[in-house]
Amino acid sequence: MSEQLDNIRIVLVNTSHPGNIGAAARAMKNMGLSRLYLVQPKDYPSGVALGRAASALEILDNAVLCDNLQEAIGDCTLVIGTSARSRRIPWPVLEPDQCARKIVHEAQTQQVALVFGREDHGLSNEELQLCHFHVQIPANPDYSSLNLAAAVMVLCYEIYQQKLQLESSGAEEQEEWDKELASVDEVERYLEHLEELLIQIDFHDPDNPRQLMRRLRRLYKRVRLDKMEINILHGIVTESRRMLDKK
Ligand code: SAH
C-alpha cells in the first residue's frame, strides 16, 4: 500500500517563503507521502525550510527542482490543482475527500500530482488549465485562503484517510481500462498538433484566439484520453494536413 503513495507527488509552484516548503515537507511525512517537487522556489535551499521540516529532512533532500509546472507533471496521467477561489473558465471541481479518493485509486498504477500555488496569488490560469480537476477546501467565505502549508496538510490528511479506508476494506477499487492513459505531455503535444491544423483551415486565429484552445484543452482533459486514442487523433490530424498540403 505504501507503494501506492509513492506514485503521488506534491508540487509547490513558485513558493516565496521557505518556511512553507519545510512545513509542507513535514505535513507530507506525517501523512505518509514522500515525493516533493518544487517549481522555481523563490528562496531555496534555505535553513528556514530545514528548521520547519523537523524530522522530514529527507523529503527536502530528495525534492525535485523544476523550471516550470509542465516539467514537474509531464509524465503524470492525473493532475489536480488547488484553488481557493473559482476561476473564469470553470473546471471540474472536487471536494477534498473526492480528490483524495481519485488520487489514491489512480496512484495504484499511475503517476499522480497534486499542485499548490503561490502564497500571494495562487496558480495562474494557464497552470490551472494543465490540471484535470481542481480541488477547493471549503472554508469561511469571508476568508477562504489558507496558509500554503496548512492547505498541504488538509489535503495530505484526506489522502491518508483514503489510504486507511482502502486498507481496511481490502478493496482494490481500480477503474478497469484496457489501455494506459495518456500523460500530460502526450495530451499537450496532441493539442499543439491540433492547433496547427486549426490554424491551417482558418478555424483558429492565433492573433485572436479567444477561448478556443482553452475549451479544447478542458474537453480533452475531461475525457481522460488513453495512449491509443491519442495516436488515432494524431493520425487524423497528420492525414488531414497531408491532404490539405496536396491541394
Ligand atoms: N490568493 C490566492 C491564495 C493563495 S494561498 C488565491 O486566491 O488563489 C496559497 C495556496 O494554498 C493556493 O495556491 C492553494 O494551493 C492553497 N490553498 C489555500 N487555500 C485553499 C483552499 N481554500 N482550497 C484549496 N487550496 C487552497
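Residues numbered from 1 in each chain as written. Predicted model: local features only at pLDDT ≥ 70, side-chain atom pairs only at ≥ 80, totals over all residues. Heavy atoms only, no water.

### Comments concerning the site of the ligand
So, step 1. Taken together, 20 residues surround the ligand, and among them T82, R85, I137, S144 and L146 come closest.
So, step 2. Within the backbone of L146, one N or O atom sits 2.9 Å away from a nitrogen atom of the ligand.
So, step 3. Across the complex, the protein chains shield 94% of the 550 Å² of accessible surface that the ligand would expose by itself.
So, step 4. When grouped by side-chain class, the residues that make up the shell around the ligand number 7 nonpolar, 8 polar and 5 charged. (Near = heavy atom within 4 Å. Polar contact = N/O pair within 3.5 Å; in protein donor to acceptor, adjacent residues only side chain to side chain. Areas by Shrake-Rupley, 256 points an atom, 1.4 Å probe, with all protein chains shown as cover. Nonpolar A, V, L, I, M, F, W, Y, C, P; charged D, E, K, R; others polar.)

### Section: the domain arrangement of the chain
So, step 1. Per the domain assignment, the segments making up the chain are domain 1 (2-169) and domain 2 (184-246).
So, step 2. One C-alpha centre belongs to domain 1, the other to domain 2, and the line joining them spans 29 Å.
So, step 3. Of all residues in domain 1, I89, Q129 and H132 give up the largest surface area on contact with domain 2, accounting jointly for 36% of the area buried on that side.
So, step 4. Here E106 and R224 are joined by a salt bridge, their closest N and O atoms 2.4 Å apart.
So, step 5. Between domain 1 and domain 2 we count 9 residue pairs in polar contact (both at pLDDT 80 or more) in total.
So, step 6. Broken down by secondary-structure element, the contributors of at least two residues to the side of domain 1 that touches domain 2 are α5 (69-73) and β4 (78-82). (Domains from an automatic or database assignment. Buried area = accessible area lost by both parts, 1.4 Å probe. Salt bridge = Lys/Arg side-chain N within 4 Å of Asp/Glu carboxyl O. Helix = DSSP H or I, 4+ residues; strand = E, 2+ residues; numbered from the N terminus.)

### A closer look at a nonpolar patch on the surface
So, step 1. A cluster of nonpolar side chains, namely M228, I232 and I236, defines an oily patch on the protein surface of about 280 Å² accessible area.
So, step 2. Relative to the helices and strands, I232 is located in helix α11 (residues 227-246).
So, step 3. Note on I232: relative accessible area 48%, which makes it partly exposed. (Patch = residues over 30% accessible without salt bridge, like charges linked within 9 Å, V, L, I, M, F, W, Y side chains within 5 Å. Buried < 20%, exposed > 50% of the residue type's maximum accessible area, 1.4 Å probe, protein only.)

### Focus on the sheet that holds β4
Strand pairing in a sheet takes place through backbone hydrogen bonds and is either antiparallel or parallel in direction.
So, step 1. As summarised here, the arrangement of the 7 strands in space is β3-β2-β1-β6-β4-β7-β5, forming an open sheet in which the pairing is parallel. Of all strands in the sheet, those with a lone pairing partner are β3 (64-66) and β5 (93-94), marking the two edges.
So, step 2. Sheet analysis places β4 next to strand β7 (residues 133-135), joined by 3 bridges and oriented parallel. In the sheet register, I80 faces β7, and the bridge partner there is F133. (Pairing = 2+ DSSP bridges.)

### Some points on the pairing of strand β1 (residues 8-13)
So, step 1. Burial runs high along β1: 6 of the 6 residues are buried.
So, step 2. Side chains I8, I10 and L12 project from β1 onto one buried face, and the interleaved R9, V11 and V13 project onto a second face that is buried too.
So, step 3. Across 5 bridges, β1 lies against strand β6 (residues 112-116) in parallel orientation. Residue pairing for β6: R9 is matched across the bridge by A113.
So, step 4. Here 5 bridges tie β1 to strand β2 (residues 35-39), and the two strands are oriented parallel to one another. By the bridge assignment for β2, L12 is matched with L38.
So, step 5. Between the parallel pair β1 and β2, the chain is carried across by helix α2 (residues 18-30), and the sense of this crossover is right-handed. (Right-handed = clockwise from strand over helix to strand, strands pointing away.)

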